[in-house]
There are 2 protein chains.
Amino acid sequence: MKRKTRKEILYEEAAQLFMEKGYPASSVRELADRVGIEPSSIYSHVKSKEELLVKICMDTAYYFSEGMNEIETSDKNPIESIHILIDLHINAVRVLPASVTVFTDEWKHLPANAKAEFIDIRNKYQGQWLHILQEGIKQGQLKEVNPMVMRDTILSSLRWVHYISDKKDLKKLKRTSAEIKSLLLEGIQA
Amino acid sequence: MKRKTRKEILYEEAAQLFMEKGYPASSVRELADRVGIEPSSIYSHVKSKEELLVKICMDTAYYFSEGMNEIETSDKNPIESIHILIDLHINAVRVLPASVTVFTDEWKHLPANAKAEFIDIRNKYQGQWLHILQEGIKQGQLKEVNPMVMRDTILSSLRWVHYISDKKDLKKLKRTSAEIKSLLLEGIQA
DNA sequence: GTCTATAACTTGATAGAC
DNA sequence: GTCTATCAAGTTATAGAC
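Criteria and thresholds
Residues numbered from 1 in each chain as written. Chains lettered and ligands numbered in written order. Predicted model: local features only at pLDDT ≥ 70, side-chain atom pairs only at ≥ 80, totals over all residues. Heavy atoms only, no water. Axes fitted to C-alpha atoms, helices over the stretch in contact; angles between N-to-C directions. Helix = DSSP H or I, 4+ residues; strand = E, 2+ residues; numbered from the N terminus. Parallel < 35°, antiparallel > 145°, perpendicular 65-115°, else oblique. Contact = heavy atoms within 4.5 Å. Nonpolar A, V, L, I, M, F, W, Y, C, P; charged D, E, K, R; others polar. Salt bridge = Lys/Arg side-chain N within 4 Å of Asp/Glu carboxyl O. Buried < 20%, exposed > 50% of the residue type's maximum accessible area, 1.4 Å probe, protein only.

1. Things to note about the packing of helix α1 (residues 6-21) of chain A against helix α3 (residues 49-73) of chain A
All names here are of chain A. At a closest axis distance of 10 Å, the pairing of α1 and α3 adopts a crossing angle of 90°. By the angle between their axes, α1 is roughly perpendicular relative to α3. Only K49, E51, L52, L53, K55 and I56 of α3 make contact with α1, whose side of the interface consists of L10, Y11, A14, A15 and F18. Across the contact of α1 with α3, the residue classes tally to eight nonpolar, no polar and three charged.

2. Some details on the pattern of salt bridges
All names here are of chain A. Considering all chains together, one arrives at 20 salt bridges over all chains under this definition. Put simply, E20 and R34 hold a salt bridge, and the shortest N to O gap is 2.9 Å. Of this pair, E20 sits in helix α1 while R34 sits in helix α2 (residues 28-35), and the two are 14 residues apart along the sequence. Residue class for R34 comes out partly exposed when judged on its relative accessible area of 29%.

3. Looking at the side chain of R151 of chain A
Residues and elements named next belong to chain A. When you line up the elements, R151 lands in helix α7 (residues 147-157). Residue classification places R151 among the buried residues on the basis of a relative accessible area of 9%. Excluding residues that lie within four positions of it along the chain, R151 makes contacts with Q126, G127, W129, L130 and L133.

Dropping the structure here:
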C-alpha cells in the first residue's frame, strides 16, 4: 500500500465533501478544514475548486468507459457482458464510493469544456450498452422491449448501490451483487 | 383550468430552476428574472428561498405517502400493490416532473426541521414498501431475496423516468410504463 | 508548502418610497 | 405588490512573507 500524497488526500476529501453537501454547497474553507490546512494552501495543490470536480468526474467516467471498451473488444455474449458491467458498477462503488456518487450527482456543475467531454463519454458508454442489449434481443436472449427503456432501467437501478452500508464486507457485497443480477435478469417475481 | 396565481407560477419556476441547476446553485436573482420581477419582489410572496424548497419537497413527499396509505388501507395483494405504486411514480413524473426531480435530488438541502420531517415520511414510505415485498415473498409471489435489496432496486430503477422525453404523449408513456413493469416483475431475459 | 491578509465578487435578504 | 438602493455575510482566489 503506497503512502498517499497530500494531493491524493485532497482529492479524496473533496470527493467525500462534494458527496455530502453537493458541489456548489461545498466550500474551499471546509475542504481545507478537513484536510487540516488553511484555505489558501489548497491552491498550492490545485488551480481551483473546479479542478477537483473535473478530476473526480473524469477519472470515474474513464473508469467506466475503459471497462466497457474491454468488453467490446472481447467476444462475450450479451448476457455475459451484462454480468461484467454490473460487476464493474458494484466494484466502482466498493473502491471509490464517494467519487462514484459525485460522478453520478454532480457532473452537471462541470465547466463547459469538461461537461461536453463528460457527456460525450457518457453518450458513448450508453450507446455501447444499447448495442449489447439490442444484440441480446436479436439473439433471443433478452425480452422484446424498447432497448432504451431496458438500458435506463438497468443503469438507474444500479445507482442506489452507493448507499450500501457495509462496502468493506466483501462477502455481503457479493451476495448483494448476485441478488441484484438475479432481480434484473429474472425479475422480482418468484 | 384555474388561472395560476403569481405564487403558483413562482413555485413552478423555482422547481424548474432547482431541477436545472440544483438548489444551492440557483439564485434568487435568476428566479426573479425568470418570473419577470425584481429579486426583492420575490419576498412579497415567500419568506425565503428555503421556503420554496420546503414546499416543493414536502408536497411531493405527501403525494407519495398518501398514495401509499391508500394502498395500505385497501386489500390489494402485493403484486397489485406494486403495480399501483409504480403507476404512482410514473404519474407523478407526468404531472410534476420538476417537483419530482427536486424532491429526489435536492432534499438534502432542506433546513434541519423540514429535513427531519422529510426523512420521517420517507422512512415510513420505504417501510411500507418493505412490508408489501415481505408479504409477497411470504405468499410465494415474489422471489426469496433480501427484501431491502429488492425495494432499493425497484425504487432506484424508477428514478430515471424523470428524463422521459415525451411526457405529454400519454400513449407512449403508457407503453413505457408497461415495459418498466414487465422488466421489474419478470426481468430483462426473454 | 503553508501561512496571514485581503481583494473581488456573489449571495440571500431588508428598508422604505411609490 | 413592485421597485431602487443597499447591507451583511459568504464565496473563490491571489499576493507576499516565511
